Amino acid sequence: MLAGRLFVRSIVSRACLATMGIRSQPQAHARQVILPNIPATTAVAIQCEESTSNRRFFSSQIETESTLDGATYERVCSDTLDALCDYFEELTENASELQGTDVAYSDGVLTVNLGGQHGTYVINRQTPNKQIWLSSPTSGPKRYDFVGTVAAGRWIYKHSGQSLHELLQQEIPGILKSESVDFLRLPYCS
């Protein structure tokens, strides 16, 4: 009954299917691909060239995993969070346009409250995973892995390739309009 039909849920473009001579019929969130004369038990792999402009990166495509041991991870993570805490304190002390700001760092959790209008950033260590997690009121939650070496490494969100410091550099200047912001001068953002 299902022989000859294969339901494919993917983001394969219509052009890719057309170049292979396969008809596609759009459904709600999937595409039905009809492959004539192929039994249902046959595994079929379809590969297509796609544009890289709207490409989503996966962990295996960004950089190789860091081989930080536990002690080195703790040092790199502490240095990163200490530097971020000091820098956020400096920025919020000098930001006259923000009311009710607070920066707190305790037990590996950095909480940066930028007032009711802008929300709270939470940046914390995740020792079992050797990650730093970020909860941003602007972009939501992200998990950062340390890639590279201790001398030239950075915290990367592997789905996009963007570093923790690059994201903060993108979001915080929009909140602290009167301040000059440069997160890229902090440790572990190379």
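Structure first, text after, so check above.
Residues numbered from 1 in each chain as written. Predicted model: local features only at pLDDT ≥ 70, side-chain atom pairs only at ≥ 80, totals over all residues. Heavy atoms only, no water.

(A) Up close: the overall build of the chain. When helices and strands are counted, the chain shows four helices and 10 strands. Counting the 190 residues in the chain, one finds 38% classified as buried. The contacts of the chain with a sequence gap of at least 6 include a subset with a gap of at least 24, amounting to 48%. Accessible surface for the chain amounts to roughly 11,300 Å². Of this, 50% is attributable to carbon and sulfur atoms. (Helix = DSSP H or I, 4+ residues; strand = E, 2+ residues; numbered from the N terminus. Buried < 20%, exposed > 50% of the residue type's maximum accessible area, 1.4 Å probe, protein only. Contact = heavy atoms within 4.5 Å. Areas by Shrake-Rupley, 256 points an atom, 1.4 Å probe, with all protein chains shown as cover.)

(B) Geometry of the packing of aromatic side chains. Overall, the coordinates contain six aromatic pairs when judged by the stated rule. On the basis of an interplanar angle of 75 degrees and a centroid distance of 6.2 Å, the ring pair of Y73 and W155 is categorised as edge-to-face. Here the residue Y73 occupies a position in helix 3 (residues 70-94), and W155 occupies one in strand 9 (residues 153-157), the gap between them amounting to 82 residues. No difference in accessibility class separates Y73 from W155, as the two residues are buried. What links up through ring pairs into an aromatic cluster is the set Y73, F146, W155 and Y188. (Phe/Tyr/Trp six-rings, centres within 6.5 Å; stacked < 30°, edge-to-face > 60°.)

(C) Quick look at the pattern of salt bridges. Under the definition given, this model contains three salt bridges. Notably, a salt bridge pairs E74 with R125, separated by 2.6 Å at the nearest N-O pair. Linking E74 in helix 3 with R125 in strand 6 (residues 120-126), this pair joins segments that are 51 residues apart in sequence. For R125, a relative accessible area of 16% translates into the label buried. Two residues, E166 and R154, come together in a salt bridge whose shortest N-O distance is 3.4 Å. Here R154 lies in strand 9 and E166 lies in helix 4 (residues 164-175), a separation of 12 residues in the sequence. Judged by its relative accessible area of 31%, E166 is partly exposed. (Salt bridge = Lys/Arg side-chain N within 4 Å of Asp/Glu carboxyl O.)

(D) Highlighting unusual backbone geometry. Despite not being glycine, D107 shows a phi value in the positive range, around 50 degrees. Examined against the element boundaries, D107 turns out to sit in the loop between strand 4 (102-106) and strand 5 (109-113). Judged by its relative accessible area of 77%, D107 falls in the exposed class. Unusually for a residue other than glycine, Y188 sits at a positive phi of about 60 degrees. Relative to the helices and strands, Y188 is located in the segment after helix 4.

(E) Representation of the pairing of strand 8 (residues 140-148). As paired strands, strand 7 (residues 131-136) and strand 8 are joined by six bridges and run antiparallel to one another. Within the sheet, the bridge partner assigned to L134 lies in strand 8 and is K142. Hairpin connection between strand 7 and strand 8: a loop of three residues separates the two successive antiparallel strands. Relative to strand 9, strand 8 is paired through four bridges, and the arrangement is antiparallel. Paired with G148 across the two strands is G153, which belongs to strand 9. Linking strand 8 back to strand 9 in an antiparallel pair, the connection comprises four residues. (Pairing = 2+ DSSP bridges.)

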